[in-house]
Amino acid sequence: MNFLKKYFKNYKDSKKNQEIEQQPVALSLDDSFVHNFITKGGKFLYCTNMDEVIYNLSNIIKETNWNQIMCTDIDLLKIAKSARVKTLPVFNDKIPFFTTCEHLIANQGDLLFTSNQLASNKLSSFSDNFIVYATTSQIVKNTGEGLTCIKKRFSGNIPTNISAIKNYKININEEDFMDYGNTNSKSIYLLLFEDL
């Protein structure tokens, strides 16, 4: 009889633990984004001031032994200059790309780009290595919200070439038929600046 009590008590305890483990955890948008981004293999550096952005950019360049980076954004060129990083201001598919993005997609951990960053080039034509500068105010819940924000922000002149990087490990083959032939896997370093 004592044996049965212990057995049923253990069964009830394990059932209770399963119920606790199955409860959904509600994360903030930024926590959700960071969790999903890191899970996919992205490299994340949180910055609270511009000195940290410059310091982290400099360390990325040293760590990876890159001689120069491609950068077409005027504001980012200033950051690269402060970090004493050699830049190439024209498209080159062999050199890591230092850029901004439109939005950070929290529920997927994706980065959303447009022609504002990519011009008319496809993501697949860029180098495998990206350094992305973004702010916490660019985090949105999902892709639909990101597209809505782009439409509102650029009303009358909506950018083209809207693309997302969804994989942060090179040569991962997704089995999603929607991505067939579109290999947007990139090794990403994200410099996330706290602006809220």
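Reading the values: the criteria
Residues numbered from 1 in each chain as written. Predicted model: local features only at pLDDT ≥ 70, side-chain atom pairs only at ≥ 80, totals over all residues. Heavy atoms only, no water. Pairing = 2+ DSSP bridges. Helix = DSSP H or I, 4+ residues; strand = E, 2+ residues; numbered from the N terminus. Buried < 20%, exposed > 50% of the residue type's maximum accessible area, 1.4 Å probe, protein only. Contact = heavy atoms within 4.5 Å. Salt bridge = Lys/Arg side-chain N within 4 Å of Asp/Glu carboxyl O.

## So, the sheet that holds strand β6 (residues 110-113)
Here is step 1: As summarised here, the arrangement of the four strands in space is β8-β5-β6-β9, forming an open sheet in which the pairing is mixed. A single partner strand is all that each edge strand has here, and the edge strands are β8 (139-140) and β9 (163-165).
Here is step 2: Bridging between strand β5 (residues 103-105) and β8 involves two bridges; their strand directions are parallel. Bridging across to β8, Leu104 finds its partner in Ile139.

## Considering the environment of Ile60
Here is step 1: Inspection of the secondary structure puts Ile60 in helix α3 (residues 50-64).
Here is step 2: Looking at Ile60, the relative accessible area reads 2%, which means it is buried.
Here is step 3: If near-sequence neighbours (up to four positions away) are discounted, Ile60 is found in contact with Leu45, Trp66, Ile131, Tyr189 and Leu191.

## Some points on the pairing of strand β7 (residues 129-135)
Here is step 1: Among the seven residues that make up β7, six are buried, leaving the element largely enclosed by the rest of the structure.
Here is step 2: Note: strand β4 (residues 97-99) against β7, three bridges, orientation parallel. In the sheet register, Phe97 faces β7, and the bridge partner there is Phe130.
Here is step 3: Examined bridge by bridge, β7 and strand β10 (residues 187-193) share seven bridges and lie parallel to one another. Opposite Val132, over in β10, you have Leu190 as the bridge partner.

## Examining the pattern of salt bridges
Here is step 1: Taken as a whole, this structure holds four salt bridges when the rule is applied.
Here is step 2: One salt bridge connects Asp93 with Lys94, and the closest N-O pair in it is separated by 3.7 Å.
Here is step 3: Taking the relative accessible area as the measure of exposure, Lys94 reaches 68% and is therefore exposed.

## Comments concerning unusual backbone geometry
Here is step 1: Of note in the backbone geometry, Asn65 takes a positive phi value of approximately 60 degrees without being a glycine.
Here is step 2: Along the chain, Asn65 falls in the loop between α3 and β2 (68-70).

Just distances and angles here, no functional claims.
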